[in-house]
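So the chains spell out like this:
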Amino acid sequence: MASFSRSSQLSGGQPPSSILFGVDIDTLDNPGWSVKIDLEDTLLENKSFTQIEKDETDQSWLRCRVEDKKFFGCGDPDRLGEILSIFLSWVKTESDWLTVHHESSVEAELRHDREFWSALGDEVELAQCSYPGCDRRRIQHSVFCRSHHFEMMRSKPAPADD
Ligand SMILES: [Zn+2]
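All values reported here derive from a predicted model rather than from experimental measurement.

1. Details of the environment of Glu 45
Phase 1: Position of Glu 45 among the secondary structure elements: in the loop between strand 3 (32–38) and strand 4 (52–55).
Phase 2: A C-alpha to C-alpha distance of 5.1 Å links Glu 45 and Lys 69, two positions 24 residues apart in sequence.
Phase 3: Look past the residues within four positions of Glu 45 in its chain and what remains in contact with it is Leu 39, Glu 40 and Lys 69.

2. Overview of unusual backbone geometry
Phase 1: Put simply, Asn 30 and Pro 31 share a cis peptide bond, and its omega is 10 degrees.
Phase 2: Position of Pro 31 among the secondary structure elements: in the loop between strand 2 (18–28) and strand 3.
Phase 3: A positive phi angle, close to 50 degrees, is found at Asp 68, a residue other than glycine.
Phase 4: Locating Asp 68 in the fold gives a position in the loop between strand 5 (61–67) and strand 6 (70–75).

About the thresholds
- Each chain carries its own residue numbering, running from 1 in the written order of its sequence.
- Local features in this predicted model are restricted to residues whose pLDDT is 70 or higher, and side-chain atom pairs enter the listing and the counts only when it is 80 or higher, whereas totals over whole chains, interfaces and linings include all residues.
- Each helix is a run of H or I in the DSSP string that is no shorter than four residues. Each strand is a run of E no shorter than two, and both are numbered from the N terminus.
- We call two residues in contact when their backbone-placed C-beta atoms lie within 7 Å.

See below:
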């Protein structure tokens, strides 16, 4: 049994956090090797893997599959290297597979602004916006136009309409 931890990238002035990432290599009494690698929260967790089954003889066999966000490999006593190479060549198609994207606080605020803005909807009411000097019409359930409603609720200018 072995495990190692990976550090996530620094973001938004937060201290780095570590997630235990399980890699288990055990022996089988067949005899043989068993390898289990946890893929959860990595870029590989939803990546497709074509199952491999090489059952040449009772003494010469190897199987690899991905199931429930885990890589499982097993094989006869001479195949540990081959199992790990199969895993690594699959991994290498995602060069930054250990990188987890963490949203920074600035990115999160921008996303909330955009979500709020699009939820406001179009200016559909016939009455004019109550903001002094504004001649735009009101959005539903508000006395303001879309931009002024956003400004009132978020205390900052509305994002550019796109
Ligand atoms: Zn307005």
